[in-house]
Amino acid sequence: MERSFPFISAMVNNGSVNYDHGKDGRSSELGGCSAEIRNREHDTYLAIRYSKGRLTVMIDVEDKNEWKECIDIGGVRLPTGYFFGASAATGDLSDNHDIISMKLYQLMVEHTPEEENLDWTKIEPSVSLLKSPKDNIDDPTGNFRGTPLTGWKVFLLLLCALLGIVVCAVVGAVVFQKRQERNKRFYSRRGEPHPERCLSWNELFPDDGTFNVNSFLKIVQNVDIF
């Protein structure tokens, strides 16, 4: 399955990673999406947001005034003091793209005391990955599957874990009950009186006051010892 172009992708580079033009940057790609922006009769929009270590990219290419999520990556560390820029390169196809305007906004967010003490100008660009970007080489969609779990994913994970615990508890209870019933039947069967040893008192002690030894031996021979 081949991805469709134009394709928007993201990478974090500290100057030591090369962009592989032959493979469209698959080896260093963190995430991306297709965006049909060719030959549009209306303006298309791209929104990039970086806040508290999370990089998100949203697009509006359908002229519906609605943002569509394209990239969502957590664990991104970017320093301050850098600049925004735009560049272009020609590959097999020749395109003409015009950047009409760029608007930048500063977000006001709360930082922890540790973050307040950091010198953000000296932070090296990096990203904490649960999956290596090189794993995207064979991923035809180019989606990054190692982002932190969102709220509904955590809910589904907890729900599945709870259901698993309940199923294990029910199965354990059924097995325990079956074993108890089997043991109960076993001991009940072993403890049933033999018809041959159900002798009356008179058979053991006749009226003459003597003890019937033969009857006693008969009982002893039929007693189960366990």
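Residues numbered from 1 in each chain as written. Predicted model: local features only at pLDDT ≥ 70, side-chain atom pairs only at ≥ 80, totals over all residues. Heavy atoms only, no water.

Caption draft 1: Spotlight on the nonpolar core. Core analysis: the biggest nonpolar cluster contains 13 residues, and Ile59, Cys70, Ile71, Ile73 and Val76 have the highest contact counts within it. In contact with Cys70, other than residues within four places in its own chain, are Ile8, Gly32, Cys33, Val57, Met58 and Ile59. (Core = buried A, V, L, I, M, F, W, Y, C linked by side-chain atoms within 4.5 Å. Buried < 20%, exposed > 50% of the residue type's maximum accessible area, 1.4 Å probe, protein only. Contact = heavy atoms within 4.5 Å.)

Caption draft 2: The state of the cysteines, seen in detail. The final tally for this structure, using the stated rule, is one disulfide. Residue pairing for Cys33: its cysteine sulfur links by disulfide to Cys70, the two sulfurs lying 1.9 Å apart. In this structure, the disulfide formed by Cys33 and Cys70 twists by about -110 degrees around the S-S bond and is classed as left-handed. Placement of Cys33 in strand β2 (residues 31-34) and of Cys70 in strand β5 (residues 68-74) is noted, with a sequence separation of 37 residues between them. Judged by relative accessible area, Cys70 falls into the buried class, the value being 10%. (Disulfide = S-S within 2.5 Å. Helix = DSSP H or I, 4+ residues; strand = E, 2+ residues; numbered from the N terminus.)

Caption draft 3: Examining the pattern of salt bridges more closely. In the structure shown here, the tally under the stated rule is three salt bridges. Between Arg54 and Asp72 there is a salt bridge; the shortest N-O distance is 2.7 Å. One end of the pair, Arg54, is in strand β4 (residues 54-60); the other, Asp72, is in strand β5, and 18 residues separate them in sequence. You can call Arg54 partly exposed: its relative accessible area is 26%. For Asp119, the salt bridge identified is with Lys122, shortest N-O distance 3.9 Å. With a relative accessible area of 37%, Asp119 lands in the partly exposed category. For Lys122, a relative accessible area of 70% corresponds to the exposed category. (Salt bridge = Lys/Arg side-chain N within 4 Å of Asp/Glu carboxyl O.)

Caption draft 4: Expanded view of the sheet that holds β4. Pairing is antiparallel across the open sheet formed by three strands, whose spatial order is β3-β4-β5. With one partner strand each, in any of the chains shown, β3 (45-51) and β5 form the two edges of the open sheet. Taking each pair of neighbouring strands and ignoring which way they run, the sheet shows an average axis angle of 10 degrees. For β4 and β5, the ladder comprises six bridges, and the chain directions are antiparallel. Following the sheet pairing, Thr56 is matched in β5 by Asp72. (Pairing = 2+ DSSP bridges. Axes fitted to C-alpha atoms, helices over the stretch in contact; angles between N-to-C directions.)

Caption draft 5: View of a nonpolar patch on the surface. There is a patch of nonpolar side chains on the surface, built from Phe84, Ile99, Met102 and Leu104 and spanning about 490 Å² of accessible area. On the secondary structure map, Ile99 appears in the loop between β6 (76-77) and α1 (113-116). Residue classification places Ile99 among the exposed positions, given a relative accessible area of 56%. (Patch = residues over 30% accessible without salt bridge, like charges linked within 9 Å, V, L, I, M, F, W, Y side chains within 5 Å. Areas by Shrake-Rupley, 256 points an atom, 1.4 Å probe, with all protein chains shown as cover.)

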